[in-house]
Amino acid sequence: MASDDNEISGLSDDQLQILEDNFRINRHPEGTSLMLIAAEVGVSEEGVQRWFKLRMAKWRKEQGLPPAIGSVLD
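All of the points below concern the structure found in this document.

About the cut-offs
- Residues numbered from 1 in each chain as written.
- Predicted model: local features only at pLDDT ≥ 70, side-chain atom pairs only at ≥ 80, totals over all residues.
- Heavy atoms only, no water.
- Helix = DSSP H or I, 4+ residues; strand = E, 2+ residues; numbered from the N terminus.
- Contact = heavy atoms within 4.5 Å.
- Axes fitted to C-alpha atoms, helices over the stretch in contact; angles between N-to-C directions.
- Parallel < 35°, antiparallel > 145°, perpendicular 65-115°, else oblique.
- Nonpolar A, V, L, I, M, F, W, Y, C, P; charged D, E, K, R; others polar.
- Expected span 1.5 Å × (residues − 1).
- Buried < 20%, exposed > 50% of the residue type's maximum accessible area, 1.4 Å probe, protein only.
- Arc of directions from axis to C-beta.
- Salt bridge = Lys/Arg side-chain N within 4 Å of Asp/Glu carboxyl O.

Here we look at the environment of isoleucine 37
- Along the polypeptide, isoleucine 37 turns up in helix H3 (residues 31-41).
- The spacing of isoleucine 37 and glutamine 15 is 22 residues in sequence and 9.9 Å in space, taken between C-alpha atoms.
- If sequence neighbours within four positions are ignored, isoleucine 37 has contacts with Leu19, Asn22, Pro29, Val48 and Phe52.

Here it is in structure tokens:
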């Protein structure tokens with residue numbers, strides 16, 4: 001698990017741009033899309049999933065939404 005964290009934190013600007021471009025197209029990639037993104041970026045599918053999860057939480061915060069789907073703020 002620590003290797004996945006290092007894998008994601010050490011991304012180059014080009015890798016981040018690819019991830020951001022894909023995030024704009026589809027915020028929830030699955031299956032083949034996820035595999036292709038991982039191959040293009042050069043990280044594991046798990047690493048890409050982790051990046052998308054964190055990026056989605058950031059996007060939700062920017063939109064004034066709760067950080068997780070289905071959560072309710074009291």
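Considerations on the environment of arginine 27
- In this structure, arginine 27 sits in the loop between helix H2 (13-25) and H3.
- In this structure, the C-alpha to C-alpha distance between arginine 27 and tryptophan 59, residues 32 residues apart in sequence, is 9.7 Å.
- In contact with arginine 27, not counting residues within four places along its chain, are Phe52, Met56 and Trp59.

Concerning the packing of H3 against helix H4 (residues 45-62)
- Contact pair H3 / H4: the axes reach a minimum separation of 9 Å and the direction vectors enclose 100°. Taken together, the axis directions place H3 and H4 in an arrangement best described as roughly perpendicular. Contacts between H3 and H4 involve Leu34, Met35, Ile37 and Ala38 from the former and Glu45, Val48, Gln49 and Phe52 from the latter.
- Here the contact of H3 with H4 is built from residues that sort into six nonpolar, one polar and one charged.

As for H2
- In a regular helix each residue adds 1.5 Å, so 13 residues correspond to 18 Å; H2 covers 19 Å between its end C-alpha atoms and thus fits that length.
- Those residues of H2 that fall on the buried side of the exposure criterion are Gln15, Leu19, Asn22 and Phe23. Viewed end-on, H2 has its buried residues packed into an arc of 105°, placing them on one side of the element. Residues of H2 that are exposed and point over 90 degrees away from its buried face: Asp13, Asp14, Arg24 and Ile25.
- On its buried side, H2 packs onto H3 and H4.

Here we look at the pattern of salt bridges
- Overall, the coordinates contain two salt bridges when judged by the stated rule.
- Here glutamate 20 ties to arginine 55 by a salt bridge, and the two come within 2.9 Å at their closest N and O atoms. You can see glutamate 20 sitting in helix H2 and its partner arginine 55 sitting in helix H4, a full 35 residues away along the chain.

In short, geometric facts, not functional conclusions.
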